[in-house]
Amino acid sequence: MLTAEKVVQHCVVTWAFATDQFGIRDTVVVDHRWLAVIGGLAAVLFAVALAGLIGRRRWSPPLIILLALVDIIGEFIAQGTLGILITVSFIVAIAVLVLAWRQRRRWGEPWPTGAGKPM
């Protein structure tokens, strides 16, 4: 569910950067065009990772870990400081990272049956 939130969040933020909604361009220190492109790419990759989770693909948790790390680091880069404003998106990225990290133990074995959807 949190991975789906990251897809939606990156789509909305990419749209906001592209159209300067909510004055978002004024809140970042790097070129908003780069952030729009990277955000769009992140949305697509999070969607691919979500499809992998649904299909119980072993490559999905590592991809989610990578994307969550990029998302977290990107927040520091976008704000241009180590003392960043903590957003819901940042908190969700940390939660996604922790949950995917815990799932990594199962990479070498098939997904458990009857355990519901992972993450």
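Analysis parameters
Residues numbered from 1 in each chain as written. Predicted model: local features only at pLDDT ≥ 70, side-chain atom pairs only at ≥ 80, totals over all residues. Heavy atoms only, no water. Helix = DSSP H or I, 4+ residues; strand = E, 2+ residues; numbered from the N terminus. Buried < 20%, exposed > 50% of the residue type's maximum accessible area, 1.4 Å probe, protein only. Contact = heavy atoms within 4.5 Å. Areas by Shrake-Rupley, 256 points an atom, 1.4 Å probe, with all protein chains shown as cover. Axes fitted to C-alpha atoms, helices over the stretch in contact; angles between N-to-C directions. Parallel < 35°, antiparallel > 145°, perpendicular 65-115°, else oblique. Left-handed = near helix turned anticlockwise from the far one by under 90°. Nonpolar A, V, L, I, M, F, W, Y, C, P; charged D, E, K, R; others polar. Polar contact = N/O pair within 3.5 Å; in protein donor to acceptor, adjacent residues only side chain to side chain. Expected span 1.5 Å × (residues − 1). 1 Å grid on protein atoms, 1.4 Å probe; cavity = no way out; pocket = protein on both sides within 12 Å on 5 of 7 lines; lining within 4 Å. Points joined across faces, edges and corners; volume = space filled by probe spheres on them.

A.B. asks: Where do I start with the overall build of the chain in this structure?
C.D. replies: Helices and strands together make up the secondary structure of the chain, namely four helices and zero strands. Ordering the α and β elements of the chain from the N terminus gives α-α-α-α. Burial analysis of the chain (119 residues in total) assigns 35% to the buried set. In the chain, the proportion of contacts linking residues at least 24 apart, taken out of those at least 6 apart, comes to 59%. For the chain, the exposed area adds up to about 7200 Å²; of that, 70% sits on carbon and sulfur atoms.

A.B. asks: Is there a simple way to explain the packing of helix α1 (residues 2-19) against helix α4 (residues 88-103) in this structure?
C.D. replies: The description of two packed helices rests on the angle between their axes and on the distance between the axes. One can describe the packing of α1 onto α4 by two numbers: an axis separation of 10 Å at closest approach and a directional angle of 140°. With respect to α4, the element α1 is oriented oblique. Both α1 and α4 take part in a crossing whose hand is left-handed. In this structure, α1 contributes Leu2, Thr3, Glu5, Lys6 and Gln9 to the contact, and α4 contributes Ser89, Val92, Ala93, Ala95, Val96 and Leu99. Of the residues that constitute the contact of α1 with α4, the class distribution is six nonpolar, three polar and two charged.

A.B. asks: Explain the side chain of Asp71 here, please?
C.D. replies: Of note, Asp71 is situated in helix α3 (residues 60-79). Here His10 takes part through its side chain, which lies 3.3 Å from a polar atom of the side chain of Asp71. When residues no more than four places from it in sequence are discounted, the contact partners of Asp71 are Lys6, Gln9, His10, Phe46, Ser89 and Ala93.

A.B. asks: Whenever I open this one, α3 confuses me. Can you help?
C.D. replies: An α-helix turns once every 3.6 residues. As a result, residues three or four positions apart point the same way. Here α3 contains 20 residues, and its C-alpha end-to-end distance of 29 Å stays within 8% of the 28 Å for a straight helix at 1.5 Å per residue. Turning to α3, its buried residues number three or more, namely Ser60, Pro61, Leu63, Ile64, Ile65, Leu67, Ala68, Asp71, Ile72, Glu75, Ala78 and Gln79. Buried residues along α3 sit against α1, α2 (32-54) and α4. Remark: Gly80 follows α3 within two positions and exhibits a positive phi of approximately 70°.

A.B. asks: Would you mind showing me how to read the layout of surface pockets here?
C.D. replies: Gaps left between atoms are located by rolling a probe of water-molecule size over the structure's atoms. Considering only enclosed or pocket space, the largest pocket measures out at about 750 Å³ in volume. As for the largest pocket, its lining consists of 30 residues, and the residues nearest its centre are Val13, Phe17, Gly74, Glu75 and Ala78. Counting residues per element, the ones that place at least two in the lining of the largest pocket are α1, α2 and α3. A total of nine residues in the lining of the largest pocket trace back to one element, the largest contributor, which is α3. When grouped by side-chain class, the residues that make up the lining of the largest pocket number 18 nonpolar, ten polar and two charged.

A.B. asks: Help me understand unusual backbone geometry in this model?
C.D. replies: Most peptide bonds take the trans configuration, and most residues that are not glycine carry a negative phi. You will see that Asp20, though not glycine, has its phi angle at about 55°, which is positive. Among the structural elements, Asp20 can be located in the loop between α1 and α2. On the accessibility criterion, Asp20 (32% relative accessible area) is partly exposed. In the Ramachandran plot, Phe22 falls in the positive-phi region, its phi being about 60° despite a non-glycine side chain. Inspection of the secondary structure assignment puts Phe22 in the loop between α1 and α2.

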